[in-house]
Every structure is written in C-alpha cells, then in structure tokens.
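As a plain string of letters, each chain reads:
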Amino acid sequence: RAVAEELPAAIWEKVKDHPCYSEAAHHHYARMHVAVAPACNIQCNYCNRKYDCANESRPGVVSERLTPEQAARKVAAVAARLPQLSVLGIAGPGDPLANPQKTFETFERVAQLAPDLKLCLSTNGLALPALVDRIAAYNIDHVTITINMIDPEIGQEIYPWIFWRHRRWTGKEAARILSEQQLLGLERLTERGILCKVNSVMIPGINDEHLIEVNAAIKSRGAFLHNIMPLISAPEHGTVFGLSGRRGPTAQELKALQDRCAGGANLMRHCRQCRADAVGLLGEDRSSEFALDQLDERL
Ligand code: SF4
Ligand code: SF4
C-alpha cells in the first residue's frame, strides 16, 4: 500500500493523487477514461470484441466511443464540473497502442485543454517497446500492462493469435513474442521513471500458480504495482470466449494467491475493473451523467 513515508518523494508526487496507484487517493480523487481506441492487435481467449477490452475493464460493457476531438471536449467539460478529477486514462475499448494516432492525438488535445491532468494508459504491451519514447514525450507517467504469463507454454492457452510485423502469429511463437515485448516494454518504461502497474487475469487451471513467477518477473523489472484480477466467467457476455468451461476464481482463491505473492511486487487490492468510459471516484459510475450528449446539452 502506497503511503507517503514509505515512498521516495519523486514517486509519491506521481501517486498521491492517482486513485489507482494510491489506495489512500481513491477516496478523494477521480479518474476518467475516454474510449477512443477501437482496434486490437491480439486476441485474448477471455475477450469478446463486442465489448470493452477485458484486460482493464468490466466485462460485458460497451463504452461510448469518441473521436479524439470529442474526447478532449468531454474531458474539458468534465474537468470543469468535477474538481476531484486528477487523471485521464485511455483504456480501450481495444488496445490504446494498437491505435496510436487516435490515442496520442487525444493526449495532445487534452494536455492543451486540461494541462493539470495526469495522463495514463493501459495496453496489452505488444506494441509498447517501440512507443516508449512517444509515451515519455507526451508526459504519460502511468502505464498499465496486462501480463498473464511469462511462459509461452501457458501463453498459448490464453492467446490464440497476435498480429505482429504485418502478419498473424499463433501458438507458442505468438506467446513468446508477446511476452518478450511486454517485459521489454516494462523495462524501458521503468528505466525512464514512468510508473507501471501490471494487470494479470487469474485463470484457474491455466495461470493461477504461474502468476507467482509473473509477480517475481515484473518486480525485478521495476513494476510499481501488481493487480491480480479474477477471470469473470459470464458466458452471457462472451467473456469466456475460447476458455469455455473455465470458471473464474473464488474470492478465497484470489486472496490466497495474492497472499502467496506477498513480499514480491506490491499488490493492488482496490481495483474496480472500470469501464473504458468510466468517470468519477473508483467504485462510482457517473459515465451516463457525463456522456457526451448530456454534456452537450448543458454546455
Ligand atoms: Fe480484448 Fe483487450 Fe485482449 Fe485486445 S487486449 S483481445 S481488446 S482483452
Ligand atoms: Fe483503476 Fe482498476 Fe479502474 Fe483501471 S480498472 S481505473 S486500475 S480501478
């Protein structure tokens, strides 16, 4: 748990008003996500593309998709009405770094209209190493990477394919490339002092035991937080696509795994698996109140 006394001053400066990185901050500061990034460059076996990216978001939700121009307008309008707003994140509905033009144009516009907001993004990591310079240039100082495995044997059970260097890769080869890019991206970000959170989806019988090794691997590369999230097994939302018959972990299994990771990378235990267009304090959903058409009416 991030508290002032335990952290170097430069890091505390970055986490103190980010509700996801500091458990203390989540009662006082709000974040908003804008869903400007529809495409994805990999397939996760638990994702149904009709809905938001399941690596960061609540399953079965379709977010309000915006152009970068609409997104920036919405952020400025929300910032004027919600004084606790401290963070703007891009987390979908696909992978933000598989849509670099839209993602970076949005950050650029937001930086002009609301320069005090911290910028944050989440990614599956495949395109990350090549974009680290750009992430740093746009002053994005928080990045979440979803890392579900470091072993391609396990990875092939989770990822049926990736799209990389103009072609589709499958099987162990796909998982090997994805894992290399994720870990390289994490190293490059932490070398530059960008704070990284790693999300892992716990899939019983596939990567549950293995996540202890993932925790050690990300700690050694400087990850600030590890957020182990349960697979949410909701067939009506298609969230077990490719993993049919798999159940999510029980709350006790999740807690037991988190406890076994104690002493490794710090664990986040207050994630709410927010929507890709979430607005407000963590745990409260004001996305409909702040939908673009609602704001337009009030402008
Ligand atoms: Fe779905 Fe996100 Fe995985 Fe892409 S990275 S397949 S959007 S869960
Ligand atoms: Fe924070 Fe988790 Fe919500 Fe992302 S999904 S904004 S990490 S609480």
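All figures in this text were calculated on a predicted structure; none of them were measured in a lab.

**Re the overall build of the chain**
Each helix and strand counted, the chain has nine helices and 10 strands in total. On C-alpha atoms alone, the chain measures out to a radius of gyration of 18 Å, which is about the 19 Å that the 2.2 N^0.38 rule sets for 299 residues. Counting across all 299 residues of the chain, residues that qualify as buried make up 48%.

**Notes on the nonpolar core**
Membership of the largest hydrophobic core comes to 85 residues, with the highest contact counts inside it found for M32 and C196. Residue contributions to this core peak at six residues, all from helix 6 (residues 171–191). In this view, M32 contacts V75, V78, L85, L88, A278 and V279; residues no more than four positions away in its chain are not counted.

**Some points on the sheet that holds strand 9 (residues 225–230)**
The seven strands lie next to each other as 9-8-5-4-3-1-10, forming an open sheet whose pairing is mixed. The open sheet has two edge strands, strand 9 and strand 10 (279–280), and neither has a second partner. Bridge analysis of strand 3 (residues 85–90) against strand 4 (residues 118–123) gives four bridges, and the strand direction is parallel. For G89, the partnering residue across the bridge sits in strand 4 and is C120. Each of strand 5 (140–146) and strand 8 (195–202) touches helix 6; the most contacted strand, strand 5, lies at about 160° to it.

**A word on the pairing of strand 5**
Of all seven residues in strand 5, six are buried; the element is thus mostly enclosed. Across five bridges, strand 4 lies against strand 5 in parallel orientation. Counterpart to T123 in the pairing with strand 5 is I145. Examined bridge by bridge, strand 5 and strand 8 share five bridges and lie parallel to one another. Pairing of V143 across the sheet is with C196, part of strand 8.

**With respect to the packing of helix 4 (residues 128–137) against helix 6**
As a packed pair, helix 4 and helix 6 sit with axes 8 Å apart at the nearest point and diverge in direction by 20°. Put simply, helix 4 runs roughly parallel to helix 6. The interaxial crossing formed by helix 4 with helix 6 has right-handed handedness. Note on element contacts: helix 6 touches helix 4 through Q181, L184, G185, R188 and L189, opposite L128, P129 and V132. Its residues placed into classes, the contact of helix 4 with helix 6 shows five nonpolar, two polar and one charged.

**Section: helix 2 (residues 68–81)**
Its 14 residues give helix 2 an end-to-end C-alpha distance of 20 Å, which sits within 8% of 20 Å, the value for a rise of 1.5 Å per residue. By the burial criterion, the buried members of helix 2 are P68, A71, A72, K74, V75 and V78. Down the axis, helix 2 shows its buried residues gathered within 160° of arc, on one side only. Residues E69 and A80 are exposed on helix 2 and point more than 90 degrees away from its buried face.

**Some words on the site of ligand 2**
The environment of ligand 2 is made up of C20, R31, E56, C271, R272, Q273, C274 and L282. Tallied by class, residues from the shell around ligand 2 come to four nonpolar, one polar and three charged.

**Quick look at the site of ligand 1**
Close to ligand 1 lie C40, I42, Q43, C44, C47, C53, A54, N55, G94, D95 and N124. Tallied by class, the residues present in the shell around ligand 1 amount to six nonpolar, four polar and one charged.

**Structural notes on the confidence of the model for the chain**
Taken as a whole, the chain shows an average pLDDT of 87; of its residues, 91% reach a score of 70 or greater. Reported confidences for the modelled complex are a pTM of 0.90 and an ipTM of 0.87.

Cut-offs and rules
Residues numbered from 1 in each chain as written. Chains lettered and ligands numbered in written order. Predicted model: local features only at pLDDT ≥ 70, side-chain atom pairs only at ≥ 80, totals over all residues. Helix = DSSP H or I, 4+ residues; strand = E, 2+ residues; numbered from the N terminus. Rg over C-alpha atoms; globule rule 2.2 N^0.38 Å. Buried ≥ 20, exposed ≤ 12 C-beta atoms within 10 Å, placed from the backbone. Core = buried A, V, L, I, M, F, W, Y, C linked by C-beta atoms within 7 Å. Contact = placed C-beta atoms within 7 Å. Pairing = 2+ DSSP bridges. Axes fitted to C-alpha atoms, helices over the stretch in contact; angles between N-to-C directions. Parallel < 35°, antiparallel > 145°, perpendicular 65-115°, else oblique. Left-handed = near helix turned anticlockwise from the far one by under 90°. Nonpolar A, V, L, I, M, F, W, Y, C, P; charged D, E, K, R; others polar. Expected span 1.5 Å × (residues − 1). Arc of directions from axis to C-beta. Near = placed C-beta within 6 Å. pLDDT = per-residue confidence, 0-100.

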